[in-house]
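Residue strings, one per chain:
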Amino acid sequence: MPFITQGKTNLIYILIVVVLAVIVGGGILGYYYSWIKDLEAKLAEIETRLPVVETPIDETANWETYKNEEYGFEIKYPPDFIEQKTESANVLLNITKEDRGSLYITIRVIKNYDINDILSSVGEVKEINVGDHLGYEYFYVEGIGTSRVRSIQLGQNALIIEFDYIGDGQIFVTANDKKVYLQAFSNQILSTFRFIDAVGQCSPIDFLGYELVKDATGTEYEFEVDLNNDEENEIVRIYNTISNDFGERIGPNMIKIFTEDADCPKEIFSYTGEGNFVWGTQILNNFFGDGYNAVLIKDTSYAMGCGGTIHLLLLTYKDGKYVTINGPDYGSFGLYKFDGAKGTGNKIIIAETKWENDYCCGCEHKLQFIIYTWDGRKYIKTEAGITENKYLDESIEEVLKKEPSVIDPK
Ligand SMILES: [Ca+2]
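What you see as residue numbers is a count from 1 along each chain, following the sequence as written. Owing to the predicted nature of the model, reporting of local features is limited to residues with pLDDT of at least 70; listing and counting of side-chain atom pairs is limited to 80 or more, with chain, interface and lining totals taken over all residues.

(A) Representation of the overall build of the protein chain within the structure. For the protein chain, the helix and strand inventory stands at 4 helices and 23 strands. Along the first, second and third principal axes, the C-alpha atoms of the protein chain reach 165 × 75 × 35 Å. We call a residue exposed when 12 or fewer other C-beta atoms sit within 10 Å of its C-beta, buried when the count reaches 20 or more, and partly exposed for counts in between; the C-beta positions come from the backbone. Counting over 410 residues, the protein chain shows a buried share of 22%. Once local pairs closer than 6 in sequence are excluded, the contacts in the protein chain between residues at least 24 apart make up 44%. Helical segments are the DSSP runs of H or I of at least four residues, strand segments are the runs of E of at least two, and each set is numbered from the N terminus. With C-beta atoms placed from the backbone, a contact is any residue pair whose C-beta atoms sit within 7 Å.

(B) Inspection of the domain arrangement of the protein chain at higher detail. What counts as a domain boundary in this text is fixed by an automatic or database domain assignment. When its domains are assigned, the protein chain resolves into domain 1 (64–195), domain 2 (212–331) and domain 3 (333–410). Each of domain 1 and domain 2 has a C-alpha centre, and the two are 41 Å apart.

(C) The environment of Ile-283, seen in detail. Within the element layout of this structure, Ile-283 appears in strand β16 (residues 277–284). With 59 residues separating them in the primary sequence, Ile-283 and Glu-224 have C-alpha atoms 9.4 Å apart.

(D) Here's a closer look at helix α2 (residues 175–190). To estimate the expected span of a helix, count its residues, drop one, and scale the result by 1.5 Å. Compared with an ideal rise of 1.5 Å per residue, which puts 16 residues at 22 Å, α2 spans 21 Å between its outermost C-alpha atoms and is within 8% of the ideal. Here α2 has its buried residues at Lys-178, Leu-182 and Ser-186. The elements touched by buried residues of α2 are β8 (145–154) and β9 (157–166).

(E) Here's a closer look at the sheet that holds strand β21 (residues 347–354). Strands were regarded as paired on the criterion that DSSP finds at least two bridges between them. Pairing is antiparallel in the open sheet, where 4 strands are placed in the order β20-β21-β22-β23. Of all the strands in the sheet, the pair left with one neighbour each is β20 (335–338) and β23 (379–386). Along the sheet, successive strands turn relative to each other by an average axial angle of 20°, direction set aside. As paired strands, β21 and strand β22 (residues 366–374) are joined by 8 bridges and run antiparallel to one another. The residue of β22 that forms the bridge with Thr-353 is Leu-367. Note on definitions: angles span 0 to 180 degrees between N-to-C directions of axes, and those axes are lines fitted to C-alpha atoms, for helices only across the stretch in contact.

Have a look at this one:
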């Protein structure tokens with residue numbers, strides 16, 4: 001076979017192969033591109049179906065924050081509200097602004113709140129829950145005003161958040177129109193309400209290793225008394241340590257004052273005494289004549305032999321704070337009497353058992369009288385007389401009736 005003919009034939013073959021390759025390759029490429037396009041189209045379709053995620057704008061971000069540490073909450077409100085003067089001590093916040101009428105926001109505390117008291121004057125009341133606190137919500141209409149009220153129980157008291165809209169009916173014709181407007185406006189503000197440090201606010205009332213002192217009848221030493229004269233009771237609880245295996249109470253007594261709030265008591269005072277046993281307590285009205293009440297705590301320590309020493313400890317409120325005041329000590333066979341003229345606590349008469357080589361528990365003895373006078377800061381001790389006669393079961397009043405001169409200073 002001549003070489004040239006062979007060469008021509010080969011060229012034709014090569015051309016055919018190249019043309020075929022282009023056709024086939026182009027087809028594959030074409031198919032590939034169309035597949036990619038199809039895929040892109042499908043992706044685009046999926047993308048359009050996905051929801052658009054945008055960072056929400058916090059409209060309340062630059063609002064004013066009202067924070068109340070006493071009741072432990074905060075709430076935000078738009079900055080164009082202006083504060084109003086208020087006469088009532090119960091009002092915590094009172095702000096207003098003009099917007100298609102007058103808008104008012106008032107936050108106040110109502111002591112001993114009972115929702116039943118307002119049921120007759122409002123329509124439907126809805127029970128709600130705000131941060132684990134029971135609450136109520138209702139609307140009411142009065143003249144050209146429409147109000148939304150949310151109350152939140154704080155123990156016996158309630159925090160009241162009230163929104164009032166006052167408009168003349170030009171913009172909102174019906175009461176319901178006003179209600180809808182007021183609801184939208186107040187919802188946003190109410191959504192910013194929160195209790196601050198709700199856990200830290202409430203104090204425990206039980207303490208490891210301690211129990212409430214009980215008297216002989218099993219009554220626990222827990223008193224309601226208004227010590228700081230704010231017309232609200234505090235709870236005074238007196239604890240002693242739990243007895244050990246030998247029936248002894250080793251640690252000292254503990255006195256604590258809590259705010260009167262069954263749901264969330266707050267500890268406001270704590271004192272750890274010297275004695276480890278409490279003989280008795282008593283509430284004393286206007287004890288120093290300064291208008292403040294006091295609680296007497298007779299505490300003692302275990303003693304060997306014939307009785308122990310009783311210490312008169314007084315819990316009261318002075319110079320803006322709760323304080324304990326040390327009164328006199330006396331032997332447990334002794335007697336005492338609060339005898340001040342203006343405020344019984346200004347003078348304390350003590351009658352001590354006078355031992356005269358006749359040491360005997362439960363026997364008659366003469367009594368040594370001692371007068372303690374309050375000087376405004378502490379008790380000043382003055383020794384008085386010794387009785388002529390011996391006594392055992394008589395009260396201090398009976399002894400003084402028989403021997404009145406015994407309290408004359410020596
Ligand atoms: Ca009080």
